[in-house]
Each structure stands twice: as C-alpha cells, then as structure tokens.
Amino acid sequence: MRDDDHLRRKGRLLARLHHDLATARSLGQRDGWGLIWELDHASGSEFTSFNEVLGAFERHHSELAAQIRRHRYASLRELSRLRYGDLPHQVIDFDFHNDNLLFDGDKLVGLLDLDSVHRDACVTDIACSVANDCPEPPADIAPDPRSVASFVAGYTEQTPLSERELRLIVPMIGAYRIASFPRAILSWLHQRDARTLVGIRRNVDERLPALAARAALIESAVLSAARKPQ
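Residues numbered from 1 in each chain as written. Predicted model: local features only at pLDDT ≥ 70, side-chain atom pairs only at ≥ 80, totals over all residues. Heavy atoms only, no water.

### Considerations on a nonpolar patch on the surface
Rule in force here: Two distance rules govern patches: like charges are joined within 9 Å, and nonpolar side chains (Val, Leu, Ile, Met, Phe, Trp, Tyr) within 5 Å, applied only to residues with over 30% relative accessible area and no salt bridge. Where accessible areas are quoted, they stem from the Shrake-Rupley method and a 1.4 Å probe; at the residue level, only the protein chains shown are allowed to cover. The term salt bridge refers to a side-chain nitrogen of Lys or Arg lying within 4 Å of a carboxyl oxygen of Asp or Glu. Secondary structure counts use DSSP, requiring at least four H or I residues in a row for a helix and at least two E residues in a row for a strand, with both numbered from the N terminus. Remark: exposure states derive from per-residue accessible area (1.4 Å probe, protein chains only) relative to the maximum for the residue type, with buried under 20%, exposed over 50%, and partly exposed in between.
Taken together, the side chains of Leu 102, Val 109 and Leu 112 present a nonpolar region at the surface, about 250 Å² in accessible area. Mapped onto the fold, Val 109 is located in strand β3 (residues 107-111). Val 109 sits in the exposed class, given a relative accessible area of 52%.

Given below as structure tokens:
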C-alpha cells in the first residue's frame, strides 16, 4: 500500500543527507564511477568503452543492443538540453531506498549499503530513490506520479530545488535505468545468466517506454508538489 507520508519523510531525510554530505571533504571521483551519463567507467578491464561492451553484446542480441543504443543517445540529448552537466556535484548515496533504510517507528536508525557512494548532482540521487520507491502497483514498471510528488514535496520542504533540477527528475530516472546496462551486460557476457537478460529486456521493453509514456504526468506532479506552500 502506498504511504505518501512515509515518502515525504524519506524525501526530507534524503535532503538532510545531501546537506550533511555537501560539507564532506572531496578526494575526487571514486575509481570505477562517474557521472550518470558517463558509462565508459563501468565497462570493465577487457573493454575500453561502453560502445565496445555493447558491440560484444550486439553479436548475440542485435536488436536489443540497437534499442539500448537508441535509448542512451536519446537520454544524452535530453540531459544536455536541460544542462545537467552544469549542475554542481557533491557526494551522493545513490542507493537511498527502502531496502537500505532501517526505521524504528518514524525514526531512521540505520542507513545500509554505501557501496554506491560517489560524486554526482543531487538530482541523480533523487531519481534513484523514486525509481526504486515510487513504482505504480501492481506492475511496478512506471513511477507513480502521486508517489513521486510526495517524495519531491518532502525533499523540497527541506531543500528547495531549481526549475532545472525539477525538470531533470524524469529524464534522470531514465538515465538511472540506462546506467544499469554496462554492468548488467558485462555480467551476461561473462555468465550468460538468463535472469540478467530478462532484467535487461525489462528495462528496455517495459520500464523505459512506460516512463516515456508517463513523463508529462510525472513532471507535472513534480512541479506542482514543489510549488505548493510547505
């Protein structure tokens, strides 16, 4: 069952975490990580770029690889149009969702799994959280506009977001899905695991198209939530 109050609370908590992490001493980007649109960093030692990874995958699944390439370039164009690259970077969690949050009643008492901590824009972290915690039941494929709005409302109660950041949330959810491809494809190339291939196909055939179909609704809900008096 959807709990809008709980989602608002998590949005506030992520904003507070970003506030605290903003003062963290920077030692630069972590090895093996990059900004969300930089996919070459996750390509693995036997490949020098994501295009090489995709080329190896294409020899087995040509149409699926072509779809991934189209999604990636469309995402790059949209993030560039919205000037994502101009946003400031700081340390972000990139795994702030239900599976990693321990609550005692309404109080957050534990934050698990910090393996994904790296530097990026704060809106990237917001997109990761809503992608994981705001799916619309029962299929859990597309984000639910009302749930995303609740999370964003909580975040902006604590820390306002610029118009550009708000409009980047939906494209960034897509970028988050696309950023999963390098490691997933490498895993499939090494192990040929059927479940990994199913996950890749689900992102390509279901999640990314469903996000595109609901993009206007989700963006409208995000903008309305952020503009409401807190």
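On we go.
### Let's talk about the side chain of Asp 120
This is how it is decided: Think of it this way: Lys and Arg go in the positive column, Asp and Glu in the negative one, and His and the chain ends go nowhere. Identification of polar contacts relies on pairs of N or O atoms within 3.5 Å, with a donor-acceptor requirement for protein atoms, meaning one able to donate a hydrogen and the other able to accept it, and with residues adjacent in sequence counted only if both atoms are side-chain atoms. Any two residues having at least one pair of non-hydrogen atoms within 4.5 Å are treated as being in contact.
Considering the arrangement of structural elements, one finds Asp 120 in strand β4 (residues 118-120). Put simply, Asp 120 is tucked away with no salt bridge, and the nearest opposite charge, on Arg 119, sits 9.0 Å away. Within the local environment of Asp 120, its side chain forms a polar contact with the side chain of Tyr 84, the two groups lying 2.7 Å apart. Apart from residues no more than four positions distant in its own chain, Asp 120 is found in contact with Gly 34, Leu 35, Ile 36, Tyr 84, Pro 88, His 89, Gln 90 and Ile 92.

### Brief notes about the environment of Leu 54
If you trace the backbone, Leu 54 turns up in helix α2 (residues 50-58). The spatial distance from the C-alpha of Leu 54 to the C-alpha of Ala 65 is 6.3 Å, given a sequence separation of 11 residues. For Leu 54, the residues in contact, after removing those within four places along its chain, are Ala 65, Ile 68, Arg 69 and Ile 185.

### Quick notes on the pairing of strand β2 (residues 101-104)
Inclusion rule: By definition, two strands form a pair when at least two bridges between them are found by DSSP.
Pairing geometry for β2 and β3, over 4 bridges, is antiparallel. Looking across to β3, one finds that Leu 102 is bridged to Gly 110. The hairpin turn running from β2 into β3, its antiparallel successor, is 2 residues long, and Gly 105 in that turn takes a positive phi close to 70 degrees.

### Thoughts on the pattern of salt bridges
Considering all chains together, one arrives at 14 salt bridges under this definition. Between Asp 4 and Arg 146 there is a salt bridge whose closest N-O contact spans 2.6 Å. Highlighted residues: Asp 4 in helix α1 (residues 4-21) and Arg 146 in helix α5 (residues 145-158), separated in sequence by 142 residues. With a relative accessible area of 15%, Asp 4 lands in the buried category. By relative accessible area, Arg 146 is classed as partly exposed at 49%. A salt bridge links Arg 227 to Glu 163; the nearest nitrogen and oxygen atoms lie 3.0 Å apart. In this pair, Arg 227 sits in helix α8 (residues 194-227) while Glu 163 sits in helix α6 (residues 163-179), placing the two residues 64 residues apart along the sequence.

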